[in-house]
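Topology and contacts: notes
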Amino acid sequence: GRITLTMIKPYAVKQHHVGAILSRIEKEGFHIRALKMTQLPAEKAEIFYEEHTGKSFFPDLIEFMSSGPVVVAILEKENAVDDFRKLIGNTDPAQAEEGTIRRTYAKDKTRNAIHGSDSDESAKRETRFFFSSMEEFPY
Ligand code: GTP
Ligand code: MG
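Scoring rules and cut-offs
- Residues numbered from 1 in each chain as written.
- Chains lettered and ligands numbered in written order.
- Predicted model: local features only at pLDDT ≥ 70, side-chain atom pairs only at ≥ 80, totals over all residues.
- Near = placed C-beta within 6 Å.
- Nonpolar A, V, L, I, M, F, W, Y, C, P; charged D, E, K, R; others polar.
- Helix = DSSP H or I, 4+ residues; strand = E, 2+ residues; numbered from the N terminus.
- Buried ≥ 20, exposed ≤ 12 C-beta atoms within 10 Å, placed from the backbone.
- UniProt positions renumbered as here; feature names shortened; annotations may be inferred.
- Pairing = 2+ DSSP bridges.
- Arc of directions from axis to C-beta.
- Contact = placed C-beta atoms within 7 Å.
- Axes fitted to C-alpha atoms, helices over the stretch in contact; angles between N-to-C directions.

1. Points about the site of ligand 1
Near ligand 1 you find His-52, Phe-57, Leu-61, Thr-91, Lys-109, Thr-110, Asn-112, His-115, Gly-116 and Asp-118, and these make up its full shell. Of the residues contributing to the shell around ligand 1, the split by class is two nonpolar, six polar and two charged.

Here you go:
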């Protein structure tokens, strides 16, 4: 599909990487349809990542994702979901390819800089989770 959702995660925001990451995303041809900074209370982070409920890393993930503000955006581009996952790279920055956003800006598997939707279905769910129709602007 043409739409994906991204979230610049708390540690990357704290490290002042927001501008560089958004710049990279635009350079790669993604159009920003919606954008905001917000902070997820733990109960909201648990819903966003509910597919991972019960996994060993879930408590750390929720604590981290609710630890500070995030920058969330709806992105539009042809083949957005797959191309964006390629641009951000492997979940573990040590395994992410050179030049990917995670390889460049991530610290470790938890503080991995950025989120990208994993399917068109997830993208739809995640855009509605964060944004109302009045906050979104088609390209
Ligand atoms: P997101 O874009 O954040 O959804 O990452 P992803 O799609 O690359 O990975 P996934 O959805 O499988 O996992 C969500 C998040 O949980 C990851 O971004 C990691 O921070 C964390 N995570 C996943 N697997 C592991 C793991 O094996 N160990 C640890 N410590 N964290 C993990
Ligand atoms: Mg995921």
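After that view, the rundown keeps rolling.
2. Some remarks on the environment of Arg-85
For Arg-85, the location among the structural elements is in helix α5 (residues 80-88). Take Arg-85: there are 17 C-beta atoms within 10 Å of it, and that puts it in the partly exposed class. Each C-alpha atom, one on Arg-85 and one on Lys-27, is 15 Å from the other, the two residues being 58 residues apart in sequence.

3. Notes on the UniProt feature "binding site: ATP" (unreviewed entry) in the protein
Taking the numbering used here, the UniProt-annotated feature "binding site: ATP" (unreviewed entry) corresponds to Lys-9, Phe-57, Arg-85, Thr-91, Arg-102 and Asn-112. Within the secondary structure, Lys-9 is located in the loop between β1 (3-8) and α1 (10-14). You can call Lys-9 buried: it has 25 C-beta atoms within 10 Å.

4. Looking at the pairing of β1
Among the six residues in β1, five count as buried, and that is most of the element. By the bridge criterion, six bridges tie β1 to strand β3 (residues 70-76) in an arrangement that is antiparallel. Bridging across to β3, Leu-5 finds its partner in Ile-74. The pairing of β1 with strand β4 (residues 114-116) spans three bridges and is antiparallel. For Thr-6, the partnering residue across the bridge sits in β4 and is Gly-116.

5. Remarks on the pairing of β3
Summarising burial for β3: six of the seven residues are buried, a large majority. Sheet analysis places strand β2 (residues 31-38) next to β3, joined by seven bridges and oriented antiparallel. Across the sheet, Ile-32 pairs through a bridge with Leu-75, a residue of β3.

6. Considering the UniProt feature "domain: Nucleoside diphosphate kinase-like" (unreviewed entry) in the protein
As annotated by UniProt and renumbered to match this structure, "domain: Nucleoside diphosphate kinase-like" (unreviewed entry) occupies residues 3-138. Overall, residues 3-138 shows 40% helix and 18% strand. The separation of its end C-alpha atoms is 10 Å.

7. Re α5
Every buried residue of α5 is listed here: Ala-80, Val-81, Phe-84, Leu-87 and Ile-88. Looking straight down α5, one finds that the buried residues subtend no more than 130° of arc, so they occupy a single side. Next to the buried residues of α5 lie β1, β3, α6 (101-105), β4 and α7 (120-130).

8. Focus: unusual backbone geometry
Of note, the phi angle at Asn-79 is positive, near 55°, even though the residue is not glycine. By the element assignment, Asn-79 lies in the loop between β3 and α5. Look at Asn-79 and you get exposed, because 11 C-beta atoms sit within 10 Å.

9. A look at the sheet that holds β1
Pairing within the open sheet is antiparallel, and its four strands lie in the order β2-β3-β1-β4. Of all strands in the sheet, those with a lone pairing partner are β2 and β4, marking the two edges. In this sheet, neighbouring strand axes are inclined to one another by 15° on average, regardless of whether the strands run parallel or antiparallel. Contacts between α5 and the sheet are confined to β1, β3 and β4, with β1 contributing the most and set at about 30° to the helix.

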